[in-house]
Amino acid sequence: VWSVMAWFKPANISTADDIIFIRELVGIENRIVLQILSGEWRISFRDSSATLIKSYVTTNTPITAAARNMILATWDGTTLLMYKNGTVIDVGDINKSTDNAGSQTATNRKVAIGGAANFFEGLVSTYAIWSVALDAASVSSLYNGGTGFGVDLRTSFGGYSATATLQHYWAL
């Protein structure tokens with residue numbers, strides 16, 4: 001169960017750019033990747049045996065080059081929700097190329113901003129991980145709270161009160 005968020009501004013849009021790449025210290029187990037894929041955004045993640053659980057790509061919510069974007073995904077152990085700029089993406093606008101059941105285990109992981117192989121060109125201003133699936137009110141408040149600059153995610157504001165479950169937070 002988790003939520004992961006990134007505020008970013010791509011310099012351009014290419015075929016595949018990893019924005020955030022989270023993985024175990026060695027191997028690809030328990031991996032989570034947020035990526036721009038041909039102008040849309042993709043999330044994929046693997047379970048503790050490195051089996052791909054989910055690979056979802058948006059189909060009608062393009063990422064805009066040279067503009068600030070906020071993407072956020074929540075996983076409650078069963079349902080994966082994708083948000084762009086504070087709004088949940090309708091399931092009709094998501095291509096679920098892989099949609100299997102599975103789970104991840106709590107492990108030490110490393111985070112690569114800009115990815116491991118498909119490098120991101122642009123700015124990442126804020127990145128955060130929570131140990132809960134944030135609700136829609138929290139996501140809306142995170143988006144409406146600003147541009148990723150100057151918002152302290154360790155403090156409750158608006159509909160956001162998930163400070164106790166904030167696991168990692170980087171305001172770059």
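Check the entry above for the structure.
Only a predicted model underlies this, so the values are computations on that prediction, with no experimental measurement involved.

Chemist: Please provide a residue-by-residue account of the nonpolar core, values included.
Modeler: Judged by nonpolar contacts, the single largest core of 27 residues is most densely connected at Trp2, Phe8, Ile19, Trp41 and Ile43. Taken together, the elements giving at least two residues each to this core come down to β1 (2–10), β2 (16–24), β3 (32–37), β4 (40–46), β5 (52–58), β6 (69–75), β7 (80–84) and β11 (122–130). Within the second largest apolar cluster, 15 residues are counted, among which are Met70, Ala128, Leu153 and Ala162.

Chemist: Describe the packing of aromatic side chains, naming the residues involved and giving the relevant values.
Modeler: Scanning the entire structure with this criterion turns up seven aromatic pairs. Their ring planes at 5° and their centres at 5.6 Å tell us that Trp7 and Tyr143 sit as a pair that is stacked. Here Trp7 is found in strand β1, whereas its partner Tyr143 is found in helix α1 (residues 136–144), with 136 residues between them in sequence. Given the relative accessible area of 4%, Trp7 is considered buried. Taking the centre distance of 5.0 Å and the plane angle of 20° together, the rings of Tyr127 and Trp170 count as stacked.

Scoring rules and cut-offs
Residues numbered from 1 in each chain as written. Predicted model: local features only at pLDDT ≥ 70, side-chain atom pairs only at ≥ 80, totals over all residues. Heavy atoms only, no water. Core = buried A, V, L, I, M, F, W, Y, C linked by side-chain atoms within 4.5 Å. Buried < 20%, exposed > 50% of the residue type's maximum accessible area, 1.4 Å probe, protein only. Helix = DSSP H or I, 4+ residues; strand = E, 2+ residues; numbered from the N terminus. Phe/Tyr/Trp six-rings, centres within 6.5 Å; stacked < 30°, edge-to-face > 60°.

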